[in-house]
Amino acid sequence: MPAAFRIEPLGEHPKPTYVPLPFTSPSLLQGVPVPERAWIVPGWMPLRTVTLNYAQGGEGKTLIAQQLMTSAATGHRWLGLIVNQCRAIGLFCEDDADEMHRRQEAINRSYGIHFRDLEDMRWSCPVGDDNTLIRFEPDGTPVFTERFHDFRDQAEKFCPGLVVLDVAADLFGGNENVRQQVSLFLKTGLGSLARDLNAAVLLNAHPSRSGISSGDLDGGSTGWNGAARSRWALITPRAEEGGPLDENARILMKKKANYSRRGDEIKLRWSDGVLVAEQQESFGAVALIEKASAEVTFLELLSKFGPMGRHVSESRNSANYAPRLFTQHPDRRSFNKRDFEMAMNRLFADGRICVEQYGAPSDKTRHIVLRAPAESPAE
């Protein structure tokens, strides 16, 4: 590992003095209160660390980052999540000032705020400039650039709790497949920003080809995932089997979480220039109402398919699997295949639907039908 760093432009800069490693004896922690973990977005974005957000072009990663900055600066919820209010600063390399202005106007409209409410928010969008924050000499020596020190100096004066950097391809001047270079960028460069500013850093990035093909949506080297404490992925969900792709749907997934539960997802929908959270899982009385509504819709569609001579099956392997066909019907409301599967299982369990054989006896073909009500015993 290189022993020293230097900055641009070249000049008289003393070599940093090596500081011996400090060690702590855990025995000295006896009786010391355990510090609480600090978050910008509880469970999603820890303070003093770097969070990666991967998405292919056009998915909306810059948009949700700008929405997050707005939420941090104003205290509004972000995608339905609580955000600890703080100042926010961002460096955007893909969208110019006019585009940032247009996007912010849509965010303001959605949040019910005005531009004058954004005093605690700053951005710079030097599109087309060399925005490299770190590059490497042929011998591997890392060079933190004037752009890095300029951004760092201005951030220190502004004192943000949230730093957004968009995107990695414009900011990282090394080889993304070399773990040592990636680690220096994330841990030494961006990590020092997070620690010294006592802030959370969000770095937007495009996934590598291997990350896209595997579906994991990560970078070219395992160093990217290893150096970050949390990692998100923003995707457009695949279409239901046989159904059309919903171009306005998105899912934000928590792919890595060192300090919280991994695997959480937020279903999003593009609406009037912003991404908004769809209704999350409900509990109690609301959940009971939603379940009943899914069951009613299933029964309504079943009654429509029968008179048309369309038989539906309970078998997943069948071409006429009921939940799959019902998701393609215009009267499906907002329910998806999983909703219909759960509704079907409940209806079977309650005895409200059953399976009967139809056609020639030799065919042994079965379909779902409404169970006839039991006859009252004769008096």
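To be clear, the structure that these remarks concern was listed above.
Quick notes on the rules
- Residues numbered from 1 in each chain as written.
- Predicted model: local features only at pLDDT ≥ 70, side-chain atom pairs only at ≥ 80, totals over all residues.
- Heavy atoms only, no water.
- Helix = DSSP H or I, 4+ residues; strand = E, 2+ residues; numbered from the N terminus.
- Buried < 20%, exposed > 50% of the residue type's maximum accessible area, 1.4 Å probe, protein only.
- Contact = heavy atoms within 4.5 Å.
- Areas by Shrake-Rupley, 256 points an atom, 1.4 Å probe, with all protein chains shown as cover.
- 1 Å grid on protein atoms, 1.4 Å probe; cavity = no way out; pocket = protein on both sides within 12 Å on 5 of 7 lines; lining within 4 Å.
- Points joined across faces, edges and corners; volume = space filled by probe spheres on them.
- Pairing = 2+ DSSP bridges.
- Right-handed = clockwise from strand over helix to strand, strands pointing away.
- Axes fitted to C-alpha atoms, helices over the stretch in contact; angles between N-to-C directions.
- Parallel < 35°, antiparallel > 145°, perpendicular 65-115°, else oblique.
- Left-handed = near helix turned anticlockwise from the far one by under 90°.
- Salt bridge = Lys/Arg side-chain N within 4 Å of Asp/Glu carboxyl O.

Undergrad: Hey, could you go over the overall build of the protein for me, with residue numbers and the actual values?
TA: Helices and strands together make up the secondary structure of the protein, namely 10 helices and 17 strands. In the protein, which comprises 379 residues, the proportion classed as buried is 44%. Within the protein, counting contacts between residues at least 6 apart in sequence, those at least 24 apart form 65% of the total. Roughly 21000 Å² of accessible area belongs to the protein as shown, and the carbon and sulfur atoms make up 50% of that amount.

Undergrad: Residue-level account of empty space enclosed by the protein, with values.
TA: Following the criterion strictly, the structure yields one cavity of 30 Å³ or more and no others. What the largest cavity holds in volume is close to 30 Å³. Along its surface, the largest cavity is lined by Trp 39, Gly 43, Trp 44, Pro 46, Arg 229, Ser 230, Ala 257, Asn 258, Tyr 259 and Ser 260.

Undergrad: How would you explain the pairing of strand β6 (residues 121–124) if you had to name every residue and give the values?
TA: As judged from the four bridges shared by strand β5 (residues 88–92) and β6, these two strands associate in the parallel manner. Its bridge partner being in β6, Ile 89 is matched across the sheet by Arg 122. Taken together, β5, helix α2 (residues 97–111) and β6 constitute a β-α-β crossover, and its handedness is right-handed.

Undergrad: Let's hear about the sheet that holds β5: which residues, and what values?
TA: Strand order in the open sheet formed by nine strands is β6-β5-β9-β11-β4-β12-β13-β14-β15, with mixed pairing between adjacent strands. The open sheet terminates on both sides in strands that have one partner only, identified here as β6 and β15 (274–277). Pairs of neighbouring strands in the sheet enclose a mean axial angle of 20 degrees, with direction left out of account. Both strand β14 (residues 265–271) and β15 contribute to a ladder of four bridges, which runs antiparallel. Counted as the bridge partner of Trp 270 is Leu 275 from β15.

Undergrad: Quick rundown of the packing of helix α1 (residues 61–74) against α2? Include the residues and the values.
TA: As a packed pair, α1 and α2 sit with axes 10 Å apart at the nearest point and diverge in direction by 55 degrees. Classified by the angle their axes make, α1 and α2 are oblique. Note on packing geometry: the crossing formed by α1 with α2 is right-handed. Residue-level inspection shows Thr 62, Leu 63, Gln 66, Gln 67, Thr 70, Ser 71 and Thr 74 of α1 in contact with α2, the latter providing Met 100, Arg 103, Gln 104, Ile 107 and Tyr 111.

Undergrad: Any details on the environment of Pro 46? Residues and values, ideally.
TA: Position of Pro 46 relative to the elements: it lies in strand β3 (residues 45–46). Spatially, the C-alpha atoms of Pro 46 and Asn 258 are 9.4 Å apart, while their sequence positions differ by 212 residues. If near-sequence neighbours (up to four positions away) are discounted, Pro 46 is found in contact with Ala 38, Trp 39, Thr 51, Ala 200, Ser 230 and Tyr 259.

Undergrad: Go over the environment of Lys 304, please, and point to the residues and values.
TA: Structurally, Lys 304 is set in helix α8 (residues 284–305). Relative accessible area serves as the criterion here: at 36%, Lys 304 is assigned to the partly exposed category. The contact partners of Lys 304, leaving out residues within four places of it in the chain, are His 329 and Asp 331.

Undergrad: How would you summarise the pattern of salt bridges if you had to cite specific residues and measurements?
TA: Enumeration over the complete set of coordinates arrives at 21 salt bridges. Residue Arg 87 is joined to Asp 120 by a salt bridge in which the shortest nitrogen-to-oxygen separation is 3.2 Å. Placement of the pair is Arg 87 in the loop between α1 and β5 and Asp 120 in the loop between α2 and β6, with a sequence separation of 33 residues. Given the relative accessible area of 33%, Arg 87 is considered partly exposed. Note that Asp 264 and Lys 254 form a salt bridge whose closest N and O atoms lie 3.2 Å from each other. Of this pair, Asp 264 sits in the loop between β13 (249–257) and β14 while Lys 254 sits in strand β13, and the two are 10 residues apart along the sequence. Look at Asp 264 and you get buried, because its relative accessible area is 18%. The class of Lys 254 is buried, set by a relative accessible area of 4%.

Don't take any of this as a statement about function, it's just geometry.
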